[in-house]
Amino acid sequence: VRRLRALLDINVALGAIGDVRRLLDAILRTTTDVLRCEAASILLFEPRENVLRFVAATGDPEGALKAIRVPLRDSLAGTIYRENRPLLAVDLDLDDRHFAEPSAATGLVPHTLLGVPMRIDGQPIGVLEAINPREAFDAVDAEMLLIVSSQAAVALQRARQAEALERTQRRLADLDRVKSDFMAVASHELRTPLAVLCGFGEILREEVPPELVEHAQELVTAARGMESIVETLEEMSQLDAGRTPIVSEPLSLHDVIETAWLGIERPVTVALPEQPVHVVGERRRLSLAFRHLVENADRFTPPDGEVRIEAEADGTEAHIRVKDTGCGIEPQDLERIFEAFTQAEAPLRRTTEGL
């Protein structure tokens, strides 16, 4: 009854412990308690080196065993792992498979060893060992150790996955900060040279001979396009960093929408309500958002296609639609279109400009 209660306790505990270190300690304590033995150890398979590696062991507070690599051949633990079955060795002094290096590192002298594979879906991921029983190990002990190892394998894998996920999330957060900082620096540093390009480009357009006016205009147009990109980068970096609060005010939706197609050469069909629609929002950012939608529609619509802006009031809401007869977006890409800088085309192979 005592041993069965210990198994029940470890089942409950392993489901509640999320920290890998505490989890390993709980597995070792339960193993030595249930099997009434002197020590226990946990080894996990290391695929890169094709060896077993100690992750926890009784009597190893300094972690000396973690530097030891146990071979899959010529070792008891390796035999248990390779053959995926329990193994009982009653006299290690006479067993050629006994790997003596761990004993030298901890000072623990093993005489008898019972080991079982730690399995996930029937496949071994490591080995759980019990060493030096107070009495002889028997078949019940092997069954008990298999139960502990099965529970431990699932709990350990879950805890390690949770830690790996947490590390990945921290890394992603760091990368996101780097991206935001880069956008802020890039947009700041590009503003001055772009202002020079725009200013001198407009002067050149007025001063050059007629046959060069078109080239000067292309310079100004390219510089203005870069200004738009820089403005977007700066806006994204400020929003990501939360440095610029959104300042809302009452405004006419008609006034905001009417600026959205400025600079678009094709005719844009606009259908707005006869009565002004008033909303609360930030004029500059709303204008920027609508302008990007219209520019995107224009960019992916052939010259003979149509771009249309519609707006309507619906109770307490205003609905604005930007429609086009262009190529559209594949269904698998629709879930991603509101992620920053996401595009359907591969970045290095795309045929259109813009962010």
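Everything below is about the structure shown above.
A brief structural summary. Numbers given for residues are sequential positions, taken from 1 along each chain in its written order. Only residues with pLDDT of 70 or above have their local features reported here, since the model is predicted, and side-chain atom pairs are shown and tallied only from 80 upward, although totals for entire chains, interfaces and linings are computed over all residues. The side-chain figures draw on all heavy atoms in the structure; neither hydrogens nor water molecules are used.

## Remarks on the packing of helix α2 (residues 20–35) against helix α5 (residues 139–207)
Argument step 1. For the pair α2 and α5, interaxial distance at closest approach is 10 Å and the crossing angle is 175°. Here α2 is positioned roughly antiparallel relative to α5, judged by the angle of their axes. Packed against α2, whose contacting residues are Val-20, Leu-23, Leu-24, Ile-27, Thr-30, Thr-31, Val-34 and Leu-35, the element α5 presents Asp-141, Met-144, Leu-145, Val-148, Ala-152, Ala-155, Leu-156, Ala-159, Arg-160 and Glu-163 at the interface.
Argument step 2. Residues of the contact of α2 with α5, tallied by class, amount to 13 nonpolar, 2 polar and 3 charged. The angle between two axes is taken between their N-to-C directions and runs from 0 to 180 degrees, where each axis is a line fitted to C-alpha atoms and a helix contributes only its stretch in contact. Under the scheme used here, helices are H or I runs from DSSP no shorter than 4 residues and strands are E runs no shorter than 2 residues, and both carry numbers assigned from the N terminus. Angles below 35 degrees are treated as roughly parallel, those above 145 as roughly antiparallel, those between 65 and 115 as roughly perpendicular, and all remaining angles as oblique. The contact criterion used is simple: two residues touch if any of their non-hydrogen atoms lie within 4.5 Å. Each residue gets one of three labels, nonpolar for Ala, Val, Leu, Ile, Met, Phe, Trp, Tyr, Cys and Pro, charged for Asp, Glu, Lys and Arg, and polar for the others, Gly among them.

## Examining the side chain of Thr-112
Argument step 1. Along the chain, the position of Thr-112 falls in the loop between α4 (101–106) and β5 (113–120).
Argument step 2. The classification of residues rests on relative accessible area computed with a 1.4 Å probe and restricted to protein chains. Under 20% of the type maximum is buried, over 50% is exposed, and intermediate values are partly exposed. The class of Thr-112 is buried, set by a relative accessible area of 15%.
Argument step 3. For the purposes of these results, a polar contact is taken to be a pair of N or O atoms within 3.5 Å, where, inside protein, one atom must be able to donate a hydrogen and its partner to accept one; residues adjacent in sequence count only when each atom of the pair is a side-chain atom. There is a polar contact of 3.2 Å between the side chain of Thr-112 and the backbone oxygen of Val-90.
Argument step 4. Setting aside its immediate chain neighbours within four residues, Thr-112 contacts Leu-88, Ala-89, Val-90, Leu-92, Ala-130, Ile-131, Asn-132, Pro-133 and Phe-137.

## Side note on α2
Argument step 1. A helix's residues, less one, multiplied by 1.5 Å, set its expected span. If you check α2, its first and last C-alpha atoms are 22 Å apart, about what 16 residues at 1.5 Å a residue would give, namely 22 Å.
Argument step 2. Looking at the residues trailing α2, positive phi occurs at Arg-36, about 50°.

## Brief notes about the packing of aromatic side chains
Argument step 1. Think of it this way: a Phe, Tyr or Trp ring, Trp meaning its six-membered ring, pairs with another when their centres are within 6.5 Å, and the plane angle makes it stacked under 30 degrees, edge-to-face over 60, tilted otherwise. With the rule as written, the count across this model stands at 1 aromatic pair.
Argument step 2. Note on Phe-45 and Tyr-81: the rings are 4.9 Å apart at their centroids and 20° apart in plane angle, and the pair reads as stacked. One end of the pair, Phe-45, is in strand β1 (residues 37–46); the other, Tyr-81, is in helix α3 (residues 76–83), with 36 residues separating them in the sequence.
Argument step 3. Judged by relative accessible area, Phe-45 falls into the partly exposed class, the value being 24%.
Argument step 4. On the basis of relative accessibility, which here comes to 13%, the residue Tyr-81 falls in the buried class.

## Focus: the sheet that holds strand β10 (residues 307–314)
Argument step 1. Paired strands, in this sense, are two strands between which DSSP finds at least two bridges. Spatially, the 3 strands line up as an open sheet ordered β8-β10-β11, and their pairing is mixed. Taken across any chain shown, the strands that pair with only one partner, and hence form the sheet edges, are β8 (268–271) and β11 (317–324). Each adjacent strand pair in this sheet contributes to an overall mean axis angle of 10°, direction not counted.
Argument step 2. Pairing analysis gives 4 bridges linking β8 to β10, with the strands arranged parallel. Residue pairing across strands places Val-268 opposite Val-307, the latter belonging to β10.

## Description of the environment of Asp-19
Argument step 1. Note on placement: Asp-19 falls in the loop between α1 (2–16) and α2.
Argument step 2. Asp-19 sits in the partly exposed class, given a relative accessible area of 35%.
Argument step 3. With 320 residues separating them along the chain, Asp-19 and Glu-339 place their C-alpha atoms 33 Å apart.

## Some points on the nonpolar core
Argument step 1. Counting 31 residues, the largest nonpolar core has Leu-35, Ile-42, Met-118 and Leu-128 as the members making the most contacts within it.
Argument step 2. Elements with a minimum of two residues in this core: α2, β1, β2 (51–57), β5, β6 (123–133) and α5.
Argument step 3. No other element matches α5, which puts 10 residues into this core.
Argument step 4. The next biggest cluster of nonpolar side chains, apart from the first, holds 19 residues, and it includes Ala-39, Leu-65, Ile-80 and Leu-113. By nonpolar core we mean a set of buried residues, namely Ala, Val, Leu, Ile, Met, Phe, Trp, Tyr and Cys, connected to one another through side-chain atoms within 4.5 Å.

## Brief notes about unusual backbone geometry
Argument step 1. Positioned with a positive phi, Asp-121 is a non-glycine residue whose angle comes to about 55°.
Argument step 2. Relative to the helices and strands, Asp-121 resides in the loop between β5 and β6.
Argument step 3. Judged by its relative accessible area of 77%, Asp-121 is exposed.
Argument step 4. Although it is not a glycine, Asn-132 sits at a positive phi angle of roughly 55°.

## Overview of the pattern of salt bridges
Argument step 1. Whenever Lys or Arg places a side-chain nitrogen within 4 Å of a carboxyl oxygen from Asp or Glu, that contact is recorded as a salt bridge. One pass over the full model with this rule turns up 20 salt bridges.
Argument step 2. A salt bridge links Glu-46 to Arg-48; the shortest N-O distance between them is 3.2 Å.
Argument step 3. Overlapping salt bridges, with partners in common, bring together Glu-46, Arg-48 and Arg-53 in one network.

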